[in-house]
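Here are the chains, one letter per residue:
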Amino acid sequence: MDVCLYMSAPVKSAIAKPSKTLKGTVTAPGDKSISHRSIIFGAMAEGITEVTGLLRGEDILSTVRAMQAFGAEITEDENGKWQIEGVGANGFASPTGDVDCGNAGTGVRLIMGAAAGYAMTARFTGDASLSVRPMNRILDPLREMGVSADARTTEAGEPGRLPVTLKSNGALRPVEYRPPHASAQVKSAILLAGLNAQGTTTVIEPIATRDHTENMLRAFGVPVDNRSIANAAHISITGPAKLKATKIKVPGDPSSAAFPIIAALITPGSDIIVENVMMNPTRTGLFDTLNDMGAFLRADNFRKSGGETIADIHVKHSRLIGVTVPEDRAASMIDEYPVLAVAAAFATGKTIMNGIGELRVKESDRIAATAALLKANGVTVHETQDGMTVTGGEGKPPLGGGTVTTHHDHRIAMSALVLGLACQNPVKIDDASMIATSFPTFFDLMASLGAHIER
Ligand code: S3P
């Protein structure tokens, strides 16, 4: 059996200390989901795609290297404008070495979907975290479409893990597929494979997930049909379909904006503005939840950027009240639960978060990691298989003083540091290196607001 080897990034601890008021205006970094897609779609297209505002995070750089390995020419100029010369009619070539997708679940799953449509063979690997995440959720439908996929089974008997070797003859069958989990990554992998299948590929989605793939395919000239049948969206593309190069301006990431926003909500006296935040309704569940909790959160200056609506968000320190988060909101805030749980620790009463079992298969088991990060800092948390309940401190900030294990998870690392800004004592994390996967400017941006975080 294949043994999974990986190199760990150097461990760099960090500590967040109780901070005075946070003040100022910052700009949200480029959206991670849209950044991955712009590189992958550009690599598949005919012609030269230009991308501005791309997130320069490690995850995206892994995707850039992967697309170069499949034959796309990708360069960045001194002004941060990226040019991608896609493979077009030539299709993806078989890479000469392993395709290392680092920490990026979105990267590896979308790239496997895209690659499946071409006659090629490729072996995909990832870091410690990515190597234990489930891949059969995309490999099963890809196999149905005619791809051969050989994946590792862990010692605990869990199948479908990296390394994965994909072999395709480039002649795929279209499928109609209803994913068992609400997942934009699964939807996107199938639609990308479907681009090179003969006929109509449909993904059936009872709960809407982020729709960036559909929006961006249209921007690349591919018609995408979306019709509601029996309370489920049927999202279809008809292959073979060609992507035509375009220009993309990446809007700011609401999932990254969540960290300074919640830092300001819990740090007394704070008053900040986060500019350039994408307001796509498939991504704004956290803002709805914070509004329900009584947060001062005002979005204004709505405008269009790269086909998405963006706005500037004004946030002030607020007295929060605990809420029950509606389960059908989970998909629109799936990455924000760890930092929402931090906000909940400062609320009056309980915040109940259920229907979030998917968090157990993210960059870490985020239910367990979030509960542990809060407990280590004196917060009461009750964990269940598919949820957690946080009991707030009735106006008194949590004790803090704990050291948090981040499990190679950028969002656990940033959530813990945000917690430390408003606890009674500093909060330490064991490893800050993964923050660069999604938010390389996190430390500078937080420092510019007055946050006291040391590495
Ligand atoms: C993403 C989809 C979500 C999310 C991830 C980005 C995407 O994952 O957690 O960070 O860009 O499609 P799932 O599709 O697995 O829910």
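Above this text is the structure in question.
Note that this is a predicted model, so its numbers are computed, not measured.

(A) Looking closely at the overall build of the chain. Each helix and strand counted, the chain has 12 helices and 24 strands in total. By the compact-globule yardstick of 23 Å for 455 residues, the chain fits well, its C-alpha radius of gyration being 21 Å. Projecting the C-alpha coordinates of the chain onto the three principal axes gives extents of approximately 60 × 50 × 50 Å. Taking the contacts inside the chain whose residues are at least 6 apart along the sequence as the reference set, 77% of them involve residues at least 24 apart. Here the chain has roughly 17,000 Å² of accessible surface; of this, 49% comes from carbon and sulfur atoms. Of note, the chain has its 43 positive side-chain charges centred 2 Å away from the centre of its 47 negative side-chain charges.

(B) Broad picture of the side chain of Ser-62. You can see Ser-62 is positioned in helix H2 (residues 58-69). Residue Ser-62 is classed as buried on the basis of its relative accessible area, which comes to 6%. For Ser-62, the contacting residues outside a window of four places in its chain are Asp-100, Cys-101 and Gly-102.

(C) Molecular detail of the site of the ligand. Near the ligand you find Lys-32, Ser-33, Arg-37, Thr-106, Ala-182, Ser-183, Ala-184, Gln-185, Arg-210, Ile-334, Asp-335 and Lys-362, and these make up its full shell. In this structure, an oxygen atom belonging to the ligand sits 2.6 Å away from a side-chain N or O atom of Ser-33. Between an oxygen atom of the ligand and a main-chain N or O atom of Ala-184, the distance comes to 2.9 Å. Top element by residues in the shell around the ligand is helix H1 (residues 32-44). It accounts for 3 residues.

(D) Layout of the environment of Val-147. With respect to the secondary-structure elements, Val-147 resides in the loop between helix H4 (136-144) and strand S8 (148-152). A residue is classified by how much of its surface remains accessible, and Val-147, at 5% relative accessible area, is buried. Residues Val-147 and Gly-170 lie 23 residues apart in sequence; the distance between their C-alpha atoms is 8.3 Å.

(E) View of the sheet that holds strand S7 (residues 119-125). Taken in spatial order, the 4 strands of this open sheet run S6-S7-S9-S8, and their pairing is mixed. Each edge of the open sheet carries a strand with a single partner, namely strand S6 (99-100) and S8. In the sheet, S8 pairs with strand S9 (residues 161-169) via 5 bridges, with the strands oriented antiparallel. Of the residues in S9, the one forming a bridge with Asp-150 is Thr-165. Most of the contacts of helix H3 (residues 105-116) go to S7, to which it runs at about 165°, and overall it touches S7 and S9.

(F) Just the packing of helix H9 (residues 337-344) against helix H11 (residues 410-422), in detail. Relative orientation of the contacting elements H9 and H11 amounts to 15°, with a least axis distance of 9 Å. As summarised for this structure, H9 and H11 are arranged roughly parallel, according to the angle between their axes. The crossing of H9 and H11 is right-handed. Taken together, the residues of H11 that come into contact with H9 (itself represented by Pro-338, Val-339 and Val-342) are Arg-411, Ile-412, Ser-415, Val-418 and Leu-419. Partitioned by chemical class, the residues of the contact of H9 with H11 number 6 nonpolar, 1 polar and 1 charged.

(G) Main features of the pattern of salt bridges. The tally for this structure, following the rule as stated, stands at 22 salt bridges. Note that Asp-225 and Arg-227 form a salt bridge whose closest N and O atoms lie 2.7 Å from each other. When its relative accessible area of 31% is taken as the criterion, Asp-225 is described as partly exposed. In this structure, Arg-411 engages Asp-335 in a salt bridge whose closest nitrogen and oxygen atoms are separated by 3.7 Å. In this pair, Arg-411 is assigned in helix H11 and Asp-335 in the loop between strand S18 (324-325) and H9, connecting sequence segments 76 residues apart. The same class applies to Arg-411 as to Asp-335, namely buried. Here the residues in one salt-bridge network are Arg-133, Arg-210, Asp-335, Glu-363, Arg-366, Asp-409 and Arg-411, joined through shared partners.

(H) Geometry of the nonpolar core. By size, the foremost hydrophobic cluster in this structure holds 78 residues, and its most contacted members are Ile-261, Leu-290, Tyr-337, Leu-374 and Phe-442. Dropping the residues within four chain positions of it, Leu-374 is found in contact with Ala-341, Val-342, Ala-345, Val-379, Val-381, Val-390 and Leu-419. Of all hydrophobic cores here, the second largest spans 71 residues; its members include Ala-43, Ala-116, Ile-138 and Leu-172.

(I) Looking closely at the side chain of Thr-389. In this fold, Thr-389 is placed in strand S21 (residues 387-391). Given the relative accessible area of 15%, Thr-389 is considered buried. Those residues in contact with Thr-389 that sit more than four places away from it in its chain are Lys-350, Thr-351, Ile-352, Thr-380, Val-381 and His-382.

The rules behind the values
Residues numbered from 1 in each chain as written. Predicted model: local features only at pLDDT ≥ 70, side-chain atom pairs only at ≥ 80, totals over all residues. Heavy atoms only, no water. Helix = DSSP H or I, 4+ residues; strand = E, 2+ residues; numbered from the N terminus. Rg over C-alpha atoms; globule rule 2.2 N^0.38 Å. Contact = heavy atoms within 4.5 Å. Areas by Shrake-Rupley, 256 points an atom, 1.4 Å probe, with all protein chains shown as cover. Lys, Arg positive; Asp, Glu negative; His and termini not counted. Charge placed at Lys NZ, Arg CZ, Asp CG, Glu CD. Buried < 20%, exposed > 50% of the residue type's maximum accessible area, 1.4 Å probe, protein only. Near = heavy atom within 4 Å. Polar contact = N/O pair within 3.5 Å; in protein donor to acceptor, adjacent residues only side chain to side chain. Pairing = 2+ DSSP bridges. Axes fitted to C-alpha atoms, helices over the stretch in contact; angles between N-to-C directions. Parallel < 35°, antiparallel > 145°, perpendicular 65-115°, else oblique. Left-handed = near helix turned anticlockwise from the far one by under 90°. Nonpolar A, V, L, I, M, F, W, Y, C, P; charged D, E, K, R; others polar. Salt bridge = Lys/Arg side-chain N within 4 Å of Asp/Glu carboxyl O. Core = buried A, V, L, I, M, F, W, Y, C linked by side-chain atoms within 4.5 Å.

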